[in-house]
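# Structural features, examined
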Amino acid sequence: DTGVSQDPRHKITKRGQNVTFRCDPISEHNRLYWYRQTLGQGPEFLTYFQNEAQLEKSRLLSDRFSAERPKGSFSTLEIQRTEQGDSAMYLCASSQEARTQYFGPGTRLTVL
Amino acid sequence: TQLLEQSPQFLSIQEGENLTVYCNSSSVFSSLQWYRQEPGEGPVLLVTVVTGGEVKKLKRLTFQFGDARKDSSLHITAAQPGDTGLYLCAGASGTGGFKTIFGAGTRLFVKA
């Protein structure tokens, strides 16, 4: 197993466009998490899935953000009508139950 | 609101020096993790501490969890340029431990 993977690694988009990121967790992990990290800060929790169920969403996740994990394996995070304030590193992590989370390399989003 | 405060925020030292990084909170955590993050990459797990008073060693790195499970420290002996990076502490929170709270990190630069 090669760990958590994320695609794309970098995304540059214009304000108002929609973007979608993908995360493939470690195969035996049932929990999947999304975080956002801005410059000079630690990652901030956005949402998490237990299998295919989305069990918690942060207040940071506005209605322009939606995440899915349709078959309990990979997950997608979509941002609609992007704004410059959405520019950040979007990190995905996975874990087996409440054990330690392992992070992917992240997707760096730049909104022009 | 649970917060993890890390100090110092930035540290620049010469190769061979020792250093200690602190992670403090007013809240109790069921476990605490230390990660290291390189620019443009996701955090990489260094250690998880669970028991109050626990000490773990990873080569030149020594991690300690406070007796009350509210704080932790990371001590690096004889720092090397390869130790350069952002060190993040993170605490497990939320019902079932799903939510991880991160500190803002300590950015370490070790000069050769």
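Please read all numbers here as calculations on a predicted model, not as lab measurements. (Residues numbered from 1 in each chain as written. Chains lettered and ligands numbered in written order. Predicted model: local features only at pLDDT ≥ 70, side-chain atom pairs only at ≥ 80, totals over all residues. Heavy atoms only, no water.)

Another aspect to go through is the environment of L55(A). With respect to the element layout, L55(A) can be found in strand β6 (residues 53-57). For L55(A), a relative accessible area of 45% puts it in the partly exposed group. (Helix = DSSP H or I, 4+ residues; strand = E, 2+ residues; numbered from the N terminus. Buried < 20%, exposed > 50% of the residue type's maximum accessible area, 1.4 Å probe, protein only.)

This paragraph deals with the sheet that holds strand β3 (residues 19-24) of chain B. Residue and element names in this part refer to chain B. A sheet is described by the order of its strands in space; here five strands give the open sequence β1-β3-β8-β7-β6, paired in antiparallel fashion. Each edge of the open sheet is held by one strand with a lone partner, namely β1 (5-7) and β6 (55-58). With direction set aside, neighbouring strand axes in the sheet form an average angle of 15°. Pairing of β1 with β3, which is carried by three bridges, proceeds in the antiparallel orientation. (Pairing = 2+ DSSP bridges. Axes fitted to C-alpha atoms, helices over the stretch in contact; angles between N-to-C directions.)

Take the interface of chain A and chain B next. Of the residues lining the interface, 21 residues belong to chain A; the matching set on chain B comes to 19 residues. Summed over both sides, the interface between chain A and chain B buries roughly 1500 Å², with carbon and sulfur atoms accounting for 54% of that surface. If you sort the residues of chain A by the area they bury against chain B, P43(A), T100(A) and F103(A) come out on top, with a joint share of 27%. Across the contact surface, chain A and chain B share one salt bridge. For the salt bridge of E41(B) with R9(A), the shortest nitrogen-to-oxygen distance reads 3.2 Å. At the boundary of chain A and chain B, one finds seven residue pairs in polar contact (both at pLDDT 80 or more). Ranked by the residues each element gives to the side of chain A that touches chain B, the list is headed by strand β4 (residues 31-37) of chain A, at four residues. Of the residues belonging to the side of chain A that touches chain B, the class tally is 11 nonpolar, seven polar and three charged. (Contact = heavy atoms within 4.5 Å. Buried area = accessible area lost by both parts, 1.4 Å probe. Salt bridge = Lys/Arg side-chain N within 4 Å of Asp/Glu carboxyl O. Polar contact = N/O pair within 3.5 Å; in protein donor to acceptor, adjacent residues only side chain to side chain. Nonpolar A, V, L, I, M, F, W, Y, C, P; charged D, E, K, R; others polar.)

Attention shifts here to the environment of R31(A). Residues and elements named next belong to chain A. For R31, the position within the fold is in strand β4. Note on R31: relative accessible area 7%, which makes it buried. Measuring from C-alpha to C-alpha, the distance between R31 and A98 comes to 8.0 Å, with 67 residues separating the pair along the chain. At 2.7 Å, the side chain of R31 forms a polar contact with the side chain of Q50. Within the structure, R31 has its side chain in polar contact with the backbone oxygen of E97 (distance 3.4 Å).

Below, the discussion takes up the sheet that holds strand β3 (residues 19-24) of chain A. Residue and element names in this part refer to chain A. Pairing is antiparallel across the open sheet formed by four strands, whose spatial order is β1-β3-β8-β7. Taken across any chain shown, the strands that pair with only one partner, and hence form the sheet edges, are β1 (5-7) and β7 (65-68). Each neighbouring strand pair of the sheet contributes to a mean axis angle of 15°, computed without reference to strand direction. With four bridges joining them, β7 and strand β8 (residues 75-79) adopt antiparallel strand pairing. Bridge assignment links F65 to a residue of β8, and that residue is I79.

In short, the description is geometric, and any link to function would need to be established separately.
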